[in-house]
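# A closer look at the structure
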Amino acid sequence: MKVAVVGATGMVGNVMLRVLEERNFPVTELIPVASEKSVGKTVSFKNKEYPVVTLQTAVDCKPDYAIFSAGGATSLEWAPKFAENGTVVIDNSSAWRMDPEKKLIVPEVNGDLLSDQDKIIANPNCSTIQLVMVLAPLHKRYGIKRVVVSTYQSVTGTGVKAMRQLENERNEEQGEMAYPYQIDKNCIPHCDVFEENGYTKEEMKLTRETRKILDPAISVTATAVRVPVVGGHSEAVNIEFEDKDISITEIRKILSETPGITLKDNTDTLTYPMPAYAQDKDDVFVGRIRLDESQPGTVNLWIVADNLRKGAATNAVQIAETLLRK
Ligand code: 2RA
């Protein structure tokens, strides 16, 4: 398989290369793509050095797959060019997610929708992926009416500049600011840009993408917060079900038996998910499962996942793996 990784030198692109290696995806030729300033550099993959090339060169190579993590503008312009050449594009930007003609896929949730006719496939936003991984099996069993989610998002979701800002602040050094405010010892209720309705794009992604993936009838409202951690995103989730006869024991059983989910839920042993322990892992971790005592048929729970792995790179590679099995 010829595989192009567009954005290969970026934070997510680097993780994509590692995941392709770890999962032994059948890459016979890697085509790393990055910005003009990186052309000519090399990236290491399976103990071999591959030269970084331009987007046009990569299109001309007619790869079997092109996995993008290079921003929406690049994807909107170049994904169709790859697709016209017969390449299957899996895009990690938001460019195609809400396109009614494009599929928005979490393999464990709706991977069965994929077909060999799909040429541009959208990878959901990281905070959406970990959320729907947990909602999907519960929606199937009880029917979900409404979801209220508050996120606690790692600075890695913003990128290298944000990580540098956090490190500089911790070392009491000056440097470029990725955020309008200090991030260390702080929480910033602002991920991405604000929309007319007072929500941020990040918050509306959770609403729009969850409804597209699971069910447009589900009501979703979100608050997305940036926090000074690096291991992954955390989410406090309140789920109101259509079926009011819910059982915490059954919910725990359903989640523990769902592929891709690890249950960490025992307050007697202080067992619950945390981003410092989710880092570099591919599962979605769930705990703090408890009835919402203020409302029948409603549960609270806590979800943590590495936003660079299952939240981006691993999910994208799993989409490619799913297509290989078709
Ligand atoms: C963030 N989910 O965390 C967004 C993009 N990676 O900022």
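Residues numbered from 1 in each chain as written. Predicted model: local features only at pLDDT ≥ 70, side-chain atom pairs only at ≥ 80, totals over all residues. Heavy atoms only, no water.

Take the pattern of salt bridges next. Following the criterion strictly, the structure yields 22 salt bridges and no others. With a closest N to O distance of 2.9 Å, E21 and R18 form a salt bridge. Of this pair, E21 and R18 both sit in helix 1 (residues 11–22), three residues apart, which is roughly one turn of the helix. Assessed through its relative accessible area of 26%, E21 is described here as partly exposed. The exposure class assigned to R18 is partly exposed, which follows from its relative accessible area of 30%. The salt bridge partner of K244 is E240, with a shortest N-O separation of 3.2 Å. The exposure class assigned to E240 is buried, which follows from its relative accessible area of 12%. (Salt bridge = Lys/Arg side-chain N within 4 Å of Asp/Glu carboxyl O. Helix = DSSP H or I, 4+ residues; strand = E, 2+ residues; numbered from the N terminus. Buried < 20%, exposed > 50% of the residue type's maximum accessible area, 1.4 Å probe, protein only.)

This paragraph deals with the UniProt feature "binding site: phosphate" (unreviewed entry) in the chain. UniProt marks R97 with the feature "binding site: phosphate" (unreviewed entry), using the numbering shown here. Take R97: it is sitting in the loop between strand 6 (88–91) and strand 7 (103–104). If we ignore the near neighbours within four places in the chain, the residues touching R97 are N92, L104, A122, N123, P124, N125, K205, E209 and K212. Among the polar contacts listed, one links the side chain of R97 to the backbone oxygen of N92, at a separation of 2.8 Å. (UniProt positions renumbered as here; feature names shortened; annotations may be inferred. Contact = heavy atoms within 4.5 Å. Polar contact = N/O pair within 3.5 Å; in protein donor to acceptor, adjacent residues only side chain to side chain.)

Now for the domain arrangement of the chain. Its domain assignment divides the chain into domain 1 (2–124 + 312–325) and domain 2 (127–307). Taking the mean C-alpha position of each, domain 1 and domain 2 sit 25 Å from one another. The interface of domain 1 with domain 2 comprises 18 residues on the first partner and 19 residues on the second. Of the roughly 1400 Å² buried between domain 1 and domain 2 on both sides combined, carbon and sulfur atoms contribute 69%. Considering only the side of domain 1, the residues that lose the most area to domain 2 are M11, M98 and V109, jointly responsible for 37% of the buried surface there. (Domains from an automatic or database assignment. Buried area = accessible area lost by both parts, 1.4 Å probe.)

Our focus in this paragraph is the layout of surface pockets. Quantified by volume, the largest pocket comes out at close to 1000 Å³. Around the largest pocket, the lining is made up of 46 residues, and of these V12, S69, G71, G157 and T158 lie nearest the centre. For the lining of the largest pocket, the secondary structure elements donating two or more residues are helix 1, helix 3 (72–84), helix 6 (160–170), helix 7 (201–213) and helix 10 (309–324). Per-class residue counts for the lining of the largest pocket are 13 nonpolar, 23 polar and ten charged. Lining the lining of the largest pocket are residues from two domains, each supplying at least three of them: domain 1 (2–124 + 312–325) and domain 2 (127–307). Taken together, the elements giving at least two residues each to the lining of the second largest pocket come down to helix 4 (107–110) and helix 5 (126–142). (1 Å grid on protein atoms, 1.4 Å probe; cavity = no way out; pocket = protein on both sides within 12 Å on 5 of 7 lines; lining within 4 Å. Points joined across faces, edges and corners; volume = space filled by probe spheres on them. Nonpolar A, V, L, I, M, F, W, Y, C, P; charged D, E, K, R; others polar.)

Looking now at the nonpolar core. In terms of nonpolar packing, the biggest core is built from 54 residues, with F82, I239 and L301 touching the most fellow members. For this core, the element with the most residues is helix 5, which contributes nine residues. Among the domains, domain 1 (2–124 + 312–325) and domain 2 (127–307) are the pair contributing at least three residues each to this core. Excluding residues within four positions of it along the chain, F82 makes contact with A4, V6, L55, A58, V59, P63, A66, F68, T87 and V89. In terms of nonpolar packing, the next biggest core, distinct from the first, is built from 33 residues, V43, I90, L308 and I319 among them. (Core = buried A, V, L, I, M, F, W, Y, C linked by side-chain atoms within 4.5 Å.)

Side chains three or four residues apart in an α-helix point the same way, a direct result of the helix having 3.6 residues per turn. Relative to the 18 Å expected for 13 residues at 1.5 Å per residue, helix 3 spans 18 Å between its end C-alpha atoms, a close match to the ideal helical length. Taken as a whole, helix 3 carries its principal kink of about 35° at W78; the proline P80 stands between one and four residues after it. The set of residues buried in helix 3 consists of S75, W78, A79, F82 and A83. Here the buried face of helix 3 lies against strand 1 (2–6), helix 2 (55–60), strand 5 (65–68), strand 6 and strand 8 (120–122). (Expected span 1.5 Å × (residues − 1). Bend = angle between axes of the 7 residues up to and from the residue.)

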